[in-house]
Amino acid sequence: MNYAGPGDETAACEGLELVPFQGLRYDPERVGSLAAVTSPPYDVVVRPDGLHHLESADPHNIVRLILPQDTTPAVRNQQAADTLRQWLSEGVLTTDSEPALYVYEQRDDDLLQRGVIGALRLSEPADGVVLPHEDVMPHVVADRAALMRATSANLEPLLLTYRGDGSVTGTAAVVERAARREPLLSTTTEDGYSHRLWAVTDPAELAEIREDLRRHQALIADGHHRWATYLRLRAEHPSPGPWDYGLVLLVDTARHPLRVRAIHRLLHHLPVSEALAAVSPHFRVRHLEVPLAEALTALAAAAAEGNAFLLAGDGAFHLIDRPSPDLLARTVPADRPEAWRTLDATVLHAALLEHVWHIPEDSPAHIAYIHDTAATVEKAERDGGTAVLMHPVREEVVRDLARQGVTMPRKSTSFGPKPASGLVLRALRS
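Residues numbered from 1 in each chain as written. Predicted model: local features only at pLDDT ≥ 70, side-chain atom pairs only at ≥ 80, totals over all residues. Heavy atoms only, no water.

Undergrad: How should the pairing of strand β17 (residues 317-321) be read in this particular structure?
TA: The element β17 is largely enclosed, with a buried count of 5 among its 5 residues. Taking every second residue as pointing to the same face, both faces of β17 are buried, with Phe317, Leu319 and Asp321 on one and His318 and Ile320 on the other. Where strand β15 (residues 284-288) and β17 come together, 5 bridges link them in antiparallel fashion. Along β17, the bridge assignment pairs histidine 287 with histidine 318. The pairing of strand β16 (residues 308-312) with β17 spans 5 bridges and is classified as antiparallel. For leucine 311, the partnering residue across the bridge sits in β17 and is histidine 318. The hairpin formed by β16 and β17 contains 4 residues between the paired strands, and glycine 313 there has a positive phi angle of roughly 140°. (Buried < 20%, exposed > 50% of the residue type's maximum accessible area, 1.4 Å probe, protein only. Helix = DSSP H or I, 4+ residues; strand = E, 2+ residues; numbered from the N terminus. Pairing = 2+ DSSP bridges.)

Following this line, the structure appears as structure tokens:
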């Protein structure tokens, strides 16, 4: 890779290579509705409530593949593989007749997002083609890898972004032309988003996308663990072959900016009273007897001035901010850029989790990562734990750190809207 500089995505290089594939898609005649068989990505499903809701929506809901339920990992993964084979043999899932790239649209009242789903050639971070911005948890990568091995399939696309020049040329032109045609499928999910999908099979249009994307690099917006899984499985299989590629959705954020939200933490075994007692010598603590929306407004105001978090779980909200400079000096590594050292996620993991609360960040028994704010609070109140609510990071900060090769603490950001799982899958045949 020979980029002119860290801010130049369009310098001459061998960049993104997105190739067509024969998608696996639900036969609308064999399921209750397309909306009923879709799911959020596996790590957004709030277990067990959301899982049970999705399983009961339709017996063929994709959650039975991406989050199979049984007593042991081996049994769960075999169950997913058996279910996939059964759905294929029964015609619940069918294979498209020819390879395609898929234009995918998501829309709600105030957002329109369009991108292209395809099989992306895998690359290492050092290549500078696909930039990660978060660390991953090894046990999650191992879990996803075992599932993909068992099913020999990419069950849901990752969300990647790139920056075009804002013009309607290249990939953007193909996307806009596709959106004027009759879609392969159209559905509206219960979260209010409408989804449409088109197949691009014309050789000239595929070449137009190929020539455009080879000038760009991408940022992993959502799916770091699945990208790491792709790389692990590529190393296990002969090359060249289907495991050299992974299923992704590519979105040009110059035309379709993503929403950036925080991912919150649920500390299972730490009551709020104990969390506050431990943190009070190091942070300013203010107790807020207000609704969630007002508490989040207060958090945003405090976060504009420095590191700030909301603690919840006892029926109230507790805003903690103004961390002790001595605590930060003792706990935050000094060998990283200033933008990394001052991240809320950095301070949370380095100072609070490790040194103040003594909670291992990679132990599911102690900590959960939840996207939905209200669900995090409700689960903390129900279980007697502590919800740590975060303020989102700006996309520019994420992209700048990624270009410097600096990864953020795990689960630092939530880009969206995320692609719905279940609209198109990719089979891997060696």
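Structure's up, so let's keep going.
Undergrad: I tried to follow helix α7 (residues 203-213) on my own but got confused; where do I start?
TA: The α-helix advances 3.6 residues per turn, and as a result positions three or four apart in sequence lie on the same side. Burial in α7 covers these residues: Glu205, Leu206, Ile209, Asp212 and Leu213. The buried residues of α7 all sit within an arc of 130° when viewed along its axis, so they share a single face. Every exposed residue of α7 that faces more than 90 degrees away from the buried side is listed here: Pro203 and Ala204. Among the structural elements, β1 (18-19), β4 (101-108), β8 (158-162), α6 (171-178), β10 (194-200) and β12 (245-252) are those in contact with the buried residues of α7. For α7, the N-terminal capping position is held by aspartate 202, with its side-chain oxygen 3.0 Å away from the main-chain nitrogen of alanine 204. (Arc of directions from axis to C-beta. Contact = heavy atoms within 4.5 Å. Polar contact = N/O pair within 3.5 Å; in protein donor to acceptor, adjacent residues only side chain to side chain.)

Undergrad: It is not clear to me how the packing of aromatic side chains should be interpreted in this structure. Could you clarify?
TA: Pairs of aromatic rings are described using the distance from one ring centre to the other and the angle between the two planes. The tally for this structure, following the rule as stated, stands at 4 aromatic pairs. Residues tyrosine 26 and tryptophan 87 carry aromatic rings whose centres are separated by 6.2 Å and whose planes lie at 50° to one another, so their mutual orientation is tilted. On the criterion of sequence distance, the pair formed by tyrosine 26 in strand β2 (residues 24-26) and tryptophan 87 in helix α4 (residues 73-90) is long-range, its members being 61 residues apart. Exposure class is identical for tyrosine 26 and tryptophan 87. Each is buried. For arginine 144, the ring lying beneath its charged end belongs to tyrosine 42, and the centroid distance is 4.0 Å. (Phe/Tyr/Trp six-rings, centres within 6.5 Å; stacked < 30°, edge-to-face > 60°. Lys NZ or Arg CZ within 6 Å of the ring centre and 35° of its normal.)

Undergrad: Looking at this model, I keep getting lost on the pattern of salt bridges. Mind explaining?
TA: Side chains that differ in sign of charge can pair as their charged atoms come close. Tallied over the entire structure, the rule returns 28 salt bridges. Between arginine 284 and aspartate 321 there is a salt bridge whose closest N-O contact spans 2.9 Å. Note that arginine 284 is positioned in strand β15 and aspartate 321 in strand β17, a separation of 37 residues in sequence. For arginine 284, a relative accessible area of 28% translates into the label partly exposed. On the accessibility criterion, aspartate 321 (4% relative accessible area) is buried. With a shortest N-O distance of 3.9 Å, aspartate 383 and arginine 382 are connected by a salt bridge. For aspartate 383, a relative accessible area of 45% puts it in the partly exposed group. Through salt bridges with shared partners, a single ionic network connects Glu105, Arg107, Arg114, Glu176, Arg196 and Arg255. (Salt bridge = Lys/Arg side-chain N within 4 Å of Asp/Glu carboxyl O.)

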